[in-house]
Amino acid sequence: MTDGTFEAFRKAEALMAQRRPLDALRELKQVLAEAGEAPSVQLLAGRAYLGSAQLNRAEEAFRKVLDLDPSDHYARFALGKTLQRQGRLTEALAQLRMAVAMHPSPEYQEALGEVKARLALGN
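Worth saying up front: this structure is predicted, and the values here are computed from it rather than measured.

Draft legend 1. Just the side chain of Glu59, in detail. Relative to the assigned elements, Glu59 resides in helix 4 (residues 55–68). In this structure the side chain of Glu59 is engaged in a polar contact, spanning 2.7 Å, whose partner is the side chain of Arg88. The residues touching Glu59, leaving out its near neighbours within four places in the chain, are Leu79, Thr82, Leu83, Gln86 and Arg88.

Draft legend 2. Broad picture of the layout of surface pockets. Volume-wise, the largest pocket comes out at about 230 Å³. Lining the largest pocket we find 15 residues, and of these Arg47, Leu50, Gly51, Tyr74 and Phe77 sit closest to its centre. Secondary-structure elements contributing two or more residues to the lining of the largest pocket are helix 3 (39–51), helix 5 (73–85) and helix 7 (106–120). Classifying every residue of the lining of the largest pocket by side-chain character gives 7 nonpolar, 1 polar and 7 charged. Two domains each provide a minimum of three residues to the lining of the largest pocket, namely domain 1 (1–69) and domain 2 (71–122).

Rules of the game
Residues numbered from 1 in each chain as written. Predicted model: local features only at pLDDT ≥ 70, side-chain atom pairs only at ≥ 80, totals over all residues. Heavy atoms only, no water. Helix = DSSP H or I, 4+ residues; strand = E, 2+ residues; numbered from the N terminus. Polar contact = N/O pair within 3.5 Å; in protein donor to acceptor, adjacent residues only side chain to side chain. Contact = heavy atoms within 4.5 Å. 1 Å grid on protein atoms, 1.4 Å probe; cavity = no way out; pocket = protein on both sides within 12 Å on 5 of 7 lines; lining within 4 Å. Points joined across faces, edges and corners; volume = space filled by probe spheres on them. Nonpolar A, V, L, I, M, F, W, Y, C, P; charged D, E, K, R; others polar. Domains from an automatic or database assignment.

Next up, the structure:
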């Protein structure tokens, strides 16, 4: 990653912290072109896509991260949330169960409980 690419990545991270996913995606264009295969880049892009409701792109980015590192619990959690927002609850349940098994954080457990409840109610 060049210095300019690294700076763009850091700026995109800062924009995500400010809840500005579309601005973050603009910064990430250069980063994705130069270092798009890096899991950290795909993860940040996925978060930005999810934050801007570009759910298919978010799913693709999180799946790329998991192809590179199947043990990334956050990517599993984020993929589960993405699938949940798409109404694909059974698929979301599987990803969230794995995320909770890998890293039983309250946030992951809450998301899993929410999907279980929606499935129990029939969506």
